[in-house]
Amino acid sequence: MSRFTVSVHIVPRRGILDPQGQAVTDALHALGFHDVAGARIGRHVVLEVAAADAAAATTSVRDMCGRLLANPVTEDFEIAMVEAT
Amino acid sequence: MKVGIVTFPGSNCDYDAWHAVQLLGASPAYVWHKETSLDGIDVVILPGGFSYGDYLRAGAIARFSPIMTAVVDHARRGGPVIGICNGFQIACEAGLLPGALLRNANLQFVSDMVRLRVENADTMFTHAYAAGQMLRLPVAHGEGRFTASADTLDRLDQEGRVVFRYVDAAGAVTDAANPNGSMRGIAGIVSAEGNVLGLMPHPERAVEAVLGSTDGLGIFQSMLARVSA
């Protein structure tokens, strides 16, 4: 078994009202960043996982996202990085 | 009749639920979330609060507490379950009810008395009310914006499973009367089989005149009458 650091991005699904993202968008506009068309605010989870290889670590984290880390009704997740540690 | 009130770490409305149940002559019992059995319990209340500090998402971790396996089994067998506020969030996370409860649209915690309309008075939790009856119940939550896919919302409407909606004094569903931005003004729903109720307002805090409203009694009276029958 090796150790892997796996990071996951979890964000509100596109089309679902994200008031935090809206507030941040408004604030960026107030600062003059008019090129910002929208923002979505989610979570970034960094997991330390013991697995045989990177593929196994990814599979396991995907399962974790489906069962706990993300809400399948309202959120999308993306495994952003898998790194041996 | 025995009403089990599940206490999670961070529950804070379990005592209020106890009081409401006792007031109506039923026997309340606290069930610690680490327990695994609901033996002898006829009805389950998932009370309000901030289980596990609302970490990750409200209700997301409580849903995996040991007792929840027994709660889900109880519900699948047709046993009544009432999820109030955090309990509604937990019931959704556990898949007992559809949808999810997200951060209030205005990003503020809301603690207020709201007006509700009884949309379906033909459920085991609402038959003591008249259809269309207006209620005043308190709300106190930061994450109460009911959200579901359009298909799910249509199904809930078609099947009469929206039991309470936020309305204004004239009985209209408006943005101004909606304290959290819930889709279609939804404040409470029941499961397809009708034995699981989830709602964000607190009926257990509206059971005596001294509390400012007695409009919450009907939910407990309806349910107790049906279970005793």
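Everything quoted here is computed from the prediction, not taken from an experiment.

Re helix 3 (residues 86–93) of chain B
All names here are of chain B.
Line of reasoning, step 1. Extensive coverage of helix 3 is indicated by the burial of 8 of its 8 residues.
Line of reasoning, step 2. Those residues of helix 3 that fall on the buried side of the exposure criterion are N86, G87, F88, Q89, I90, A91, C92 and E93.
Line of reasoning, step 3. Within two residues after helix 3, G95 carries a phi angle of roughly 80°, on the positive side.

Details of helix 2 (residues 54–69) of chain A
Because an α-helix completes one turn every 3.6 residues, residues spaced three or four positions apart along the sequence face the same direction.
Residues and elements named next belong to chain A.
Line of reasoning, step 1. Compared with an ideal rise of 1.5 Å per residue, which puts 16 residues at 22 Å, helix 2 spans 19 Å between its outermost C-alpha atoms and falls more than 12% short.
Line of reasoning, step 2. Within the span of helix 2, buried status applies to A57, V61, C65 and L69. All buried residues of helix 2 project into a common sector of 80° when viewed along the axis, lining one side. Looking at helix 2, the residues exposed on the side facing more than 90 degrees away from the buried face are A55, D63, G66 and R67.
Line of reasoning, step 3. Against strand 1 (2–12), strand 2 (43–51) and strand 3 (75–84) lie the buried residues of helix 2.

Looking at the confidence of the model for chain A
Line of reasoning, step 1. Confidence along chain A averages 95 in pLDDT terms, with 100% of residues attaining 70 or more.
Line of reasoning, step 2. Across chain A, element-level confidence peaks in strand 2 of chain A with a mean pLDDT of 97 and bottoms out in strand 3 of chain A with 93.

Some thoughts on the interface of chain B and chain A
Line of reasoning, step 1. In this complex, chain B contributes 12 residues to the contact, which on the side of chain A involves 9 residues.
Line of reasoning, step 2. Tallied by class, the residues present in the side of chain B that touches chain A amount to 6 nonpolar, 4 polar and 2 charged.

The rules behind the values
Residues numbered from 1 in each chain as written. Chains lettered and ligands numbered in written order. Predicted model: local features only at pLDDT ≥ 70, side-chain atom pairs only at ≥ 80, totals over all residues. Buried ≥ 20, exposed ≤ 12 C-beta atoms within 10 Å, placed from the backbone. Helix = DSSP H or I, 4+ residues; strand = E, 2+ residues; numbered from the N terminus. Expected span 1.5 Å × (residues − 1). Arc of directions from axis to C-beta. Contact = placed C-beta atoms within 7 Å. pLDDT = per-residue confidence, 0-100. Nonpolar A, V, L, I, M, F, W, Y, C, P; charged D, E, K, R; others polar.

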